[in-house]
Amino acid sequence: MPRKLFCEISPLTYRMSVQRMILNRRVQDLLSTAVFARQRHEEPLPALVYRHNSLIRRKLGNVDLHLQENKAVSLGIAAALVNSVVIRPGETFSFWKLVGSCTEAKGYREGLVINHGRSDSGIGGGLCQFTNLLHWMVLHSELTVVEHHHHGDLDLFPDFNRQIPFGSGTSIIYNYLDYRVRNDTGQAYQFLVSTTDEHLCGELRAERVPNVKFHIREEDAYFYESEGKVYRHNRVMRLTRDKITELVTARKLVIENNALVLYDRALITSPVLAVPPLSAA
């Protein structure tokens, strides 16, 4: 039997490990030269770069709907803390620097979290939907992603009104798994975020309309079986296009996913291949 990690010995050692990680991140930030974005402008910046709305309540297998209602509350609290923040040239946006720890005292509720590859519940669960939204907008801009974590090695839930490619989301844990974006451009950017009864709504704005636009698309998407298990593969690509000539000037792999499917294969709507295509071997 493999030797247990310190964090796996008991609930106490797990909490100790988490606190050590939180402390390490605080020390790293104290020693860092990064300037974090904190100021807000109530007036939106004039140029709309990208807009996206994310459905708050989604059908996620057998997940308790009560957790989704709780998530809606938590998203509303976090949205107010991020809304209108301006990222000036040279500054870094940090999700956790603005939102802080999620506690019941602050009004956060128990929502869905991923724990050791399985769905679980925890205070503030579901906030990864927030950083998913931010990341999707950032991918359509010239901002630089400097910290991004994802759980693309697992396909946890069947598709339900999917709007963005599988595996292009984020994973966050206070505060050592953060979502951070640096502004290496010559103009300021701004996040506008809010919630309605149905959606988490986001806009990424700037001082001027950029000269390029970005298109995110999925390629080589398929399910396949290996040793009795089903896997999901895809590649998320970003194409940069000049707005004047409409020519593609760059093509970049954002991420390649090869995820173990953890739900009933009967819920997969696409064919499951016996082996991966030769091009993927």
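Before reading on, note that the structure itself is shown above.
Residues numbered from 1 in each chain as written. Predicted model: local features only at pLDDT ≥ 70, side-chain atom pairs only at ≥ 80, totals over all residues. Heavy atoms only, no water.

*Asks:* Help me out: how do you make sense of the environment of glutamate 256 in this one?
*Replies:* Relative to the elements of secondary structure, glutamate 256 occurs in strand S14 (residues 248-261). When the C-alpha atoms of glutamate 256 and arginine 51 are compared, they prove to be 25 Å apart, with 205 residues separating the residues in sequence. Setting aside anything within four residues of it in sequence, one finds glutamate 256 in contact with His233, Asn234 and Arg235. A polar contact is formed between the side chain of glutamate 256 and the side chain of histidine 233, at a distance of 2.8 Å. (Helix = DSSP H or I, 4+ residues; strand = E, 2+ residues; numbered from the N terminus. Contact = heavy atoms within 4.5 Å. Polar contact = N/O pair within 3.5 Å; in protein donor to acceptor, adjacent residues only side chain to side chain.)

*Asks:* I would appreciate a short explanation of the state of the cysteines in the present structure.
*Replies:* The term disulfide refers to a covalent linkage connecting the sulfur atoms of a pair of cysteines. Within the structure shown, the criterion is met by zero disulfides. Unpaired in terms of disulfides, cysteine 128 finds its nearest cysteine sulfur in cysteine 102, a separation of 11 Å. Cysteine 128 supplies the cysteine sulfur nearest to cysteine 201, a cysteine that is in no disulfide, at a spacing of 17 Å. By relative accessible area, cysteine 201 is classed as buried at 17%. (Disulfide = S-S within 2.5 Å. Buried < 20%, exposed > 50% of the residue type's maximum accessible area, 1.4 Å probe, protein only.)

*Asks:* Explain the sheet that holds strand S8 (residues 154-155) to me, please; I cannot follow it from the model alone.
*Replies:* Strand pairing in a sheet relies on backbone hydrogen bonds. The paired strands run either parallel or antiparallel. Taken together, the five strands give an open sheet; going across it, the order is S8-S14-S13-S12-S15, and neighbouring strands pair in mixed fashion. If you trace the sheet from one side to the other, it starts and ends with S8 and strand S15 (272-273), each paired once. Direction of pairing for strand S13 (residues 229-242) relative to S14: antiparallel, over a ladder of eleven bridges. If you follow asparagine 234 over to S14, its bridge partner there is asparagine 257. (Pairing = 2+ DSSP bridges.)

*Asks:* Help me understand the packing of aromatic side chains in this model?
*Replies:* In this description, a pair of aromatic rings is defined by centroid distance and the angle of the planes. Following the criterion strictly, the structure yields six aromatic pairs and no others. Considering the side-chain rings of tyrosine 222 and tyrosine 224, the 6.0 Å spacing of their centres and the 55 degrees angle between planes classify their relative orientation as tilted. One aromatic cluster in this structure is built from Phe95, Trp96, Phe130 and Tyr174. A cation over a ring is seen here: lysine 97 above phenylalanine 36, with NZ or CZ 5.0 Å from the ring centre. (Phe/Tyr/Trp six-rings, centres within 6.5 Å; stacked < 30°, edge-to-face > 60°. Lys NZ or Arg CZ within 6 Å of the ring centre and 35° of its normal.)

*Asks:* Explain a nonpolar patch on the surface to me, please; I cannot follow it from the model alone.
*Replies:* Taken together, the side chains of Leu23, Val27, Leu30 and Leu31 make up a nonpolar region of the molecular surface, amounting to roughly 460 Å² of accessible area. Its location among the elements puts leucine 30 in helix H1 (residues 11-31). (Patch = residues over 30% accessible without salt bridge, like charges linked within 9 Å, V, L, I, M, F, W, Y side chains within 5 Å. Areas by Shrake-Rupley, 256 points an atom, 1.4 Å probe, with all protein chains shown as cover. Salt bridge = Lys/Arg side-chain N within 4 Å of Asp/Glu carboxyl O.)

*Asks:* I would appreciate a short explanation of helix H2 (residues 65-82) in the present structure.
*Replies:* For H2, built from 18 residues, the straight-helix expectation of 26 Å at 1.5 Å per residue is met to within 8% by its first-to-last C-alpha distance of 26 Å. Those residues of H2 that fall on the buried side of the exposure criterion are Leu67, Gln68, Asn70, Lys71, Ala72, Ser74, Leu75, Ala78, Ala79 and Val82. Serine 84 occupies a position one or two residues after H2 and carries a positive phi of about 75 degrees. (Expected span 1.5 Å × (residues − 1).)

*Asks:* How do you make sense of the side chain of asparagine 257 when you look at a structure like this?
*Replies:* Along the chain, asparagine 257 falls in strand S14. Taking the relative accessible area as the measure of exposure, asparagine 257 reaches 1% and is therefore buried. Within polar-contact distance, the side chain of asparagine 257 engages the backbone oxygen of phenylalanine 166 at 3.3 Å. Within polar-contact distance, the side chain of asparagine 257 engages the side chain of asparagine 234 at 2.9 Å.

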